[in-house]
Amino acid sequence: MLYPLSYGGQELRVYVTSRPGIRRLPDMSNDSWRDRLRALPVFDDDLPGFATDAAPADPITLFTEWLNSAIDDGASQPHAMTIATADAEGAPSARTLLLKDLTPEGFWFATMSNSRKGLQLGENPRAALLFYWREHGRQVRVSGDVVVGDRAAAEADFLQRSTDARAVAIAGPQSEVLPGRERFESAVADARAILEFKPDYVPTAWTAYLVKPAAVEFWQATRDRDQVRLRYTRAAEGWTRELLWP
Ligand SMILES: Cc1cc2nc3c(=O)[nH]c(=O)nc-3n(C[C@H](O)[C@H](O)[C@H](O)COP(=O)(O)O)c2cc1C
């Protein structure tokens, strides 16, 4: 069967077969959603350029330039990133986290080691990060091994959080089933009492993690719906740089 689809302003025609093992597309007859989605704007006309010939030799330098530019131009939550992890069977899951630090070694985030992602990282210490700065039409994809930072890094991070954020983190086991909001409210009240009594309390599960990039891809949209992709891959010494087909 022939299905019309649109992507990035282009009409595509997709053939779907009913061969066993190939999932059929969902019903595409909901025209109002298709039209509504199609009418949404994607990128501004005014996008920054990306001179790949002049790109620095290492991706952290280029990432720093792009992050600085997102911050300076007032991008919304420029330090928010999607992080994907997978369990031992390879089943993926993704969520948003804040980037907590950027060092020559890589990208830092902090969370509970007994959360869903923390448990997954325990059994499969690899992750993919995704930054999307929509105002600039830019995305950066990072993948690599994840290592646990030292205790001091976790403590410093936790103690910089607001009292509310610390109380919520202490209140209960992140990612486990919550029996009800009342249970949450009383646990947060208990956690506040602990923090009043011991303001420098840091739960042992609070952990700073470092993603050591093995590959970093920079993607830039352009005004004419073209895309520029540059991937850095870690080599024996330094990094290799390659353009990718959009
Ligand atoms: C903008 C934003 C920032 C967030 N930052 C963090 C963070 O730094 N650490 C964290 O543990 N959860 C953070 N969260 C919550 C996570 O997305 C997620 O709900 C939580 O970590 C549990 O994930 P898990 O069940 O996959 O372990 C953030 C959520 C949003 C929307």
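Placed above this text is the structure.
Residues numbered from 1 in each chain as written. Predicted model: local features only at pLDDT ≥ 70, side-chain atom pairs only at ≥ 80, totals over all residues. Heavy atoms only, no water.

**Observations concerning the site of the ligand**
In plain terms, the rule: We define proximity as follows: a residue is near a molecule or strand when any one of its heavy atoms falls within 4 Å of that partner. Counting of polar contacts relies on pairs of N or O atoms within 3.5 Å, with two restrictions inside protein: one atom must be capable of donating a hydrogen and the other of accepting it, and residues adjacent in sequence are counted only when both atoms are side-chain atoms. Surface exposure here means Shrake-Rupley accessible area, sampled with a 1.4 Å probe, where a residue is shielded only by the protein chains that are shown. The residue classification treats Ala, Val, Leu, Ile, Met, Phe, Trp, Tyr, Cys and Pro as nonpolar and Asp, Glu, Lys and Arg as charged. All others, Gly included, are polar.
Around the ligand, a shell composed of Gln77, Arg95, Thr96, Leu97, Leu98, Ala110, Thr111, Ser115, Arg116, Lys117, Gln174 and Ser175 is seen. Within the backbone of leucine 98, an N or O atom sits 3.4 Å from a nitrogen atom of the ligand. Within the side chain of serine 175, an N or O atom sits 2.6 Å from an oxygen atom of the ligand. Burial of the ligand by the protein amounts to 68% of the accessible area it has alone, namely 620 Å². Classifying every residue of the shell around the ligand gives three nonpolar, six polar and three charged.

**Focus: the pattern of salt bridges**
Threshold: We define a salt bridge as a contact between a side-chain nitrogen of Lys or Arg and a carboxyl oxygen of Asp or Glu at a distance within 4 Å. Think of it this way: any DSSP run of H or I at least four residues long counts as a helix, any run of E at least two long counts as a strand, and we number them from the N terminus. Under the scheme applied here, a residue whose accessible area is under 20% of the maximum for its type counts as buried, over 50% as exposed, and between as partly exposed, the area being computed with a 1.4 Å probe on protein chains only.
This structure, assessed with the given rule, holds eight salt bridges. The residue arginine 192 makes a salt bridge to aspartate 164 at a minimum N-O spacing of 2.6 Å. Remark: aspartate 164 occurs in helix α5 (residues 163-171) and arginine 192 occurs in helix α6 (residues 181-197); sequence separation between them is 28 residues. For arginine 192, a relative accessible area of 35% corresponds to the partly exposed category. Ionic pairing is found between lysine 198 and aspartate 200, a salt bridge with its closest N-O pair at 3.9 Å. Judged by its relative accessible area of 41%, lysine 198 is partly exposed. Under the relative-accessibility criterion, aspartate 200 is labelled partly exposed at 49%.

**What about α6?**
What counts, and what does not: A helix is expected to reach a length of 1.5 Å times the quantity of its residues less one. In this description, contact between two residues means that some pair of their heavy atoms is separated by no more than 4.5 Å.
Between the first and last C-alpha of α6 there are 25 Å, a value that for 17 residues agrees with the 24 Å anticipated at 1.5 Å per step. Looking at the buried residues of α6, the elements they touch are α5.

**Concerning the packing of aromatic side chains**
The criterion, for reference: Pairing of aromatic side chains here covers Phe, Tyr and the six-membered ring of Trp, requires ring centres within 6.5 Å, and sorts the geometry by plane angle: under 30 degrees stacked, over 60 edge-to-face, intermediate tilted.
For the coordinates displayed, the defined rule picks out eleven aromatic pairs. Measuring from centroid to centroid gives 6.0 Å for phenylalanine 43 and tryptophan 219, while their planes differ by 45°, and the two rings are tilted. Here the residue phenylalanine 43 occupies a position in the loop between α1 (31-39) and α2 (59-72), and tryptophan 219 occupies one in strand β9 (residues 206-221), the gap between them amounting to 176 residues. Among the residues examined, tryptophan 219 registers a relative accessible area of 13% and is labelled buried. On the basis of an interplanar angle of 80° and a centroid distance of 5.2 Å, the ring pair of tryptophan 66 and phenylalanine 218 is categorised as edge-to-face. Placement of tryptophan 66 in helix α2 and of phenylalanine 218 in strand β9 is noted, with a sequence separation of 152 residues between them. For tryptophan 66, a relative accessible area of 3% gives the class buried.

**Brief notes about the pairing of β9**
Taken residue by residue, a regular strand's side chains alternate between the two faces of the sheet. As a reminder of what qualifies: Between any two strands, at least two bridges found by DSSP are needed for them to pair.
With 14 of 16 residues buried, β9 is to be regarded as a mostly interior element. Count of turn residues in the β9/strand β10 (residues 227-234) antiparallel hairpin: five residues, of which arginine 225 carries a positive phi of about 65°.

**Focus on the packing of α5 against α6**
Worth spelling out the cut-off: Axis angles are defined between N-to-C directions and span 0 to 180 degrees, where every axis is a line fitted to C-alpha atoms and, for a helix, only to the segment in contact. In a left-handed crossing the near helix is turned counterclockwise from the far helix by less than a right angle, and in a right-handed crossing that turn is clockwise.
Two elements in contact, α5 and α6, have axes whose closest approach is 8 Å; the angle formed by their N-to-C orientations is 115°. Crossing of α5 over α6 shows right-handed handedness. Of α6, the residues touching α5 (which contributes Thr163, Asp164, Arg166, Ala167, Val168, Ile170 and Ala171) are Phe184, Ala187, Val188, Ala191, Arg192 and Leu195.

**Points about the side chain of glutamine 220**
Topologically, glutamine 220 is positioned in strand β9. In contact with glutamine 220, not counting residues within four places along its chain, are Leu47, Pro48, Gly49, Phe50, Trp66, His136, Gly137, Arg138, Asp226, Gln227 and Val228.

**Notes on the layout of surface pockets**
Counted only if it meets this: Each cavity reported here is a set of points on a 1 Å grid over the protein atoms alone in which a 1.4 Å probe fits but cannot get out, each pocket an open set with protein on both sides within 12 Å along at least five of seven lines, and each lining residue one with an atom within 4 Å of a point. Grid points are joined across faces, edges and corners, and a volume is the space filled by probe spheres set on the points.
In this structure, the largest pocket occupies an estimated 540 Å³ of space. As for the largest pocket, its lining consists of 27 residues, and the residues nearest its centre are Val168, Ala169, Gly172, Pro173 and Gln174. Looking at the lining of the largest pocket, the elements that each hand over two or more residues are β4 (92-98), β6 (106-112), α5 and α6. Split by residue class, the lining of the largest pocket holds 16 nonpolar, five polar and six charged.

**Quick notes on a negative patch on the surface**
For clarity, the cut-off: Patches in this entry comprise residues that are over 30% relatively accessible and not in a salt bridge; like charges within 9 Å are linked, as are nonpolar side chains (Val, Leu, Ile, Met, Phe, Trp, Tyr) within 5 Å. Under the counting rule used here, the positive set is Lys and Arg, the negative set is Asp and Glu, and His together with the chain ends is not counted. Throughout, a charge is located at the NZ atom of Lys, the CZ atom of Arg, the CG atom of Asp or the CD atom of Glu.
On the surface, a cluster of negative charge is made up of Asp44, Asp45, Asp46, Asp72, Asp73 and Glu135. Mapping aspartate 73 onto the fold places it in the loop between α2 and β3 (80-86).

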